[in-house]
Amino acid sequence: MVSALEDNNHIALTPQQKKAQRSRSVAIAVALALFVVVIFIVTIVKMGPAIMNRPF
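Residues numbered from 1 in each chain as written. Predicted model: local features only at pLDDT ≥ 70, side-chain atom pairs only at ≥ 80, totals over all residues. Heavy atoms only, no water.

1. A few points about the UniProt feature "transmembrane region" (unreviewed entry) in the protein
Then, number 1: Under the local residue numbering, the UniProt record ascribes the feature "transmembrane region" (unreviewed entry) to residues 26-45.
Then, number 2: This span, residues 26-45, is 100% helix and 0% strand, and a straight line between its end C-alpha atoms measures 29 Å. (UniProt positions renumbered as here; feature names shortened; annotations may be inferred. Helix = DSSP H or I, 4+ residues; strand = E, 2+ residues; numbered from the N terminus.)

Dropping the structure here:
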């Protein structure tokens, strides 16, 4: 009987599954980066560019 488990109880992924997992990870990273950029742009637009010229 062939088991899907390796020595340390890890599931062995096929090359197609590894490629799909990597694609999902890249898509999530891109989406997160775009979200951060959108939040930054909205913040600058709402507060105005003069927010950077304030005294500390």
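2. A short note on a nonpolar patch on the surface
Then, number 1: On the surface, Leu32, Phe35, Val36 and Ile39 cluster together into a nonpolar patch covering about 400 Å² of accessible area.
Then, number 2: Here Leu32 is to be found in helix 1 (residues 15-47). (Patch = residues over 30% accessible without salt bridge, like charges linked within 9 Å, V, L, I, M, F, W, Y side chains within 5 Å. Areas by Shrake-Rupley, 256 points an atom, 1.4 Å probe, with all protein chains shown as cover. Salt bridge = Lys/Arg side-chain N within 4 Å of Asp/Glu carboxyl O.)

3. Section: helix 1
Then, number 1: Look at helix 1: 48 Å from first C-alpha to last across 33 residues, which is about the 48 Å you get at 1.5 Å a residue.
Then, number 2: Phi for Gly48, located one or two positions after helix 1, is positive at around 90°. (Expected span 1.5 Å × (residues − 1).)

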